[in-house]
Amino acid sequence: MRPNRWWMLGAVSMATFMLLLDVTVVNVALPDIQRTLHATFFDLAWVIDAYALTLAAFLLTAGSLADRLGRRRIFVAGLALFTAASLLCGLAGAPLMLNVARAFQGVGGAVMYAVAPALIANAFHGRERGIAFGVSGGVTGLAVAVGPLIGGALTEVSWRWVFLLNVPIGLAVALVMLARAEESRAAGGRIDWRGVDWPGAALLSSSLVMLVFALMRGAEAGWGSVLIVTLLAGAAVLLVAFVLVERARPEPMLDLGLFRNRSFAGLSLATVAVNAAVYAALLFMVLYLQNTLHHTSFETGLRFLPFTLVLFVAAAVTGTFAARIPAALLIGGGSLAVGAGFLVTDVETGSPWTALLPGMLLAGLGMGLFNPARAATAVDLVPLSRAGMSSGVSETFQQGGVALGIAALAKAGTAGPVAGVNAVMNVAGWIAVVGAVFGLALIRRRDFHQAATETDQQPDAYLERRP
């Protein structure tokens, strides 16, 4: 069958929806998993942590490998790993088996998440690229918001279906990708595993695992505890070693020169700030609805539908007109809308869930502007030969922002059910405003022109396509 970019977009969006869904739906299934597998609290924590750690740690490695070895090839390999691991999760008879399978799920998810923007950037151009990233951004928001709904419905049957449903979906997506997606990689990127930057990959992945784990457990264990201090120090040492290795290699996994591009640095800082704000705020909104207002997971999911719908529509509209609007305005404006939404949120004792609604709507609008613009900007700032690397960096900053935000705001949320949620909304709002400043001040149009000119003048030097 001939390659078709719209089939590819549908397959990539479905795969992204599936892997992001696993971030949220599993939370709903934890009580049933505990009863069935006789799991301890420590076991349950690793059901979440094993996935989050490997997802964050392998994003950049996956993106760089895809540029060199083939984006479709690496994406399908990640999809196959994610699908097989999902099957093992669904069949798990003990907590250890489930947690090991969850770690492999995270690796597969990292591959898909990192490579998806590069596949879209390679297949679409001009106005169609904006539309494609708009669809992709809308799907991202949809997965985050409807996770509790789908998780609650599946858990009513069995928690195992939270994972087993991924198997037929993964197989269908793999067939579409192999039949209808075009292969692409950087010209000269021969299938030569000996040229892969294995030392860089090992150092970066190890550093990110230690850093993310420290951020996830810092509030609980104490930021001054031996464990957390050791993890943070180890992450810093490995990160310095990674930078030294990358500077010495002729073909590094990460071109450190990317960060000399002012717009790329601004995008990275805005990505950390906005995701730190949004995911921490959404977490405490969920906790408020469930623990204070005593809504079930399914009822909580229903109340997040306004956020989902606004995000989806805004992302689709943004994608349609993205080519006519400067990226700085979309990223900065989206961040400001997110910040405003959280800053106007104010709940009181006895407030119904609708007290959160204005903040939900503004935050949904902001993320609908921000998500597609972020993903498109990450690949538009570099030649297509480095699209996987750049998107891997951007997705790594996104996941890092999530972990950092939840870690930083965890203490603010302990002030009490009402005071805690208000404190988190206030801090998250100002963090998003800071992200807006980075986006508006640092992202500039001429940096896009330089990348586009470089690609257009030497197309054969940067991109090689194969059916």
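Residue indices follow the written sequence of each chain, beginning from 1 at its first position. A pLDDT threshold of at least 70 governs which residues receive local features in this predicted model, and a stricter bar of 80 or more applies before side-chain atom pairs are shown or counted, although totals over entire chains, interfaces and linings include all residues. By convention in this description, side-chain values take in all heavy atoms of the structure and omit both hydrogens and water.

Visitor: Hey, could you run me through the overall build of the chain in this one?
Guide: Secondary structure is summarised from DSSP: a helix means a run of H or I of at least four residues, a strand means a run of E of at least two, and numbering begins at the N terminus for each. Broken down by element type, the chain carries 19 helices and two strands. We compute the radius of gyration from the C-alpha atoms alone; for a globule the expected value is 2.2 Å times N to the 0.38, where N is the number of residues. Against the compact-globule benchmark of 23 Å for 467 residues, the chain has a radius of gyration of 21 Å, which places it among compact chains. Expressed along its principal axes, the backbone C-alpha trace of the chain runs to roughly 65 × 50 × 50 Å. A buried classification covers 55% of the 467 residues belonging to the chain. The contact rule is simple, with two residues in contact once any of their heavy atoms fall within 4.5 Å. For the chain, contacts bridging at least 24 residues in sequence account for 85% of all contacts bridging at least 6. Under the convention used here, a 1.4 Å probe and the Shrake-Rupley method define accessible areas, while residue burial counts only the protein chains that appear. When the accessible surface of the chain is totalled, it reaches about 18800 Å², and 69% of it is carbon and sulfur. Type-normalised accessible area, obtained with a 1.4 Å probe on protein chains alone, sets the label of each residue: buried when under 20%, exposed when over 50%, and partly exposed for intermediate values.

Visitor: Looking at this structure, I do not really get the packing of helix H1 (residues 5–37) against helix H8 (residues 166–180). What am I missing?
Guide: For any two helices packed against each other, the geometry comes down to the angle between their axes and how far apart the axes lie. Helix axes are fitted to C-alpha atoms over the stretch in contact, other axes to C-alpha atoms as well, and angles between N-to-C directions run from 0 to 180 degrees. Between H1 and H8, whose axes approach to 9 Å, the crossing angle comes to 150 degrees. The orientation of H1 relative to H8 falls into the category roughly antiparallel. Where H1 crosses over H8, the two elements pack in a sense that is left-handed. Taken together, the residues of H8 that come into contact with H1 (itself represented by Trp-7, Met-8, Ala-11, Val-12, Met-14, Ala-15, Met-18 and Asp-22) are Asn-166, Ile-169, Gly-170, Val-173, Val-176, Met-177 and Arg-180. Counted by class, the contact of H1 with H8 contains eleven nonpolar, two polar and two charged residues. Comment on the angle field: the value is read as roughly parallel under 35 degrees, roughly antiparallel over 145, roughly perpendicular from 65 to 115, and oblique elsewhere. Each crossing gets its handedness from the near helix: less than a right angle anticlockwise from the far helix is left-handed, clockwise is right-handed. When residues are sorted by character, Ala, Val, Leu, Ile, Met, Phe, Trp, Tyr, Cys and Pro go into the nonpolar class, Asp, Glu, Lys and Arg into the charged class, and all the rest, Gly among them, into the polar class.

Visitor: Would you take a moment to explain helix H11 (residues 262–292) for this structure?
Guide: Every α-helix carries 3.6 residues per turn, so stepping three or four residues along brings you back to the same face. Taking 1.5 Å per residue, 31 residues should reach 45 Å; H11 reaches 44 Å between its end C-alpha atoms and fits that length. Following H11 by one or two positions, His-294 adopts a phi angle in the positive range, close to 60 degrees. Given the number of residues in a helix, its expected span is that number minus one, multiplied by 1.5 Å.

Visitor: Help me understand the pattern of salt bridges in this model?
Guide: Between side chains of opposite charge, a pair can form when the charged atoms approach closely. Salt-bridge detection follows one rule: a side-chain nitrogen of Lys or Arg within 4 Å of a carboxyl oxygen of Asp or Glu. The tally for this structure, following the rule as stated, stands at nine salt bridges. Between Glu-183 and Arg-73 there is a salt bridge, with the nearest N and O atoms lying 3.5 Å from each other. Taken together, the residues Glu-183 in strand E1 (residues 183–185) and Arg-73 in helix H4 (residues 71–91) connect sequence positions 110 residues apart. In this structure, Arg-129 engages Asp-380 in a salt bridge whose closest nitrogen and oxygen atoms are separated by 2.3 Å. Of this pair, Arg-129 sits in helix H6 (residues 126–157) while Asp-380 sits in helix H15 (residues 357–380), and the two are 251 residues apart along the sequence. Exposure remark for Arg-129: the relative accessible area of 13% places this residue in the buried category.

The analysis is restricted to geometry; functional conclusions fall outside its scope.
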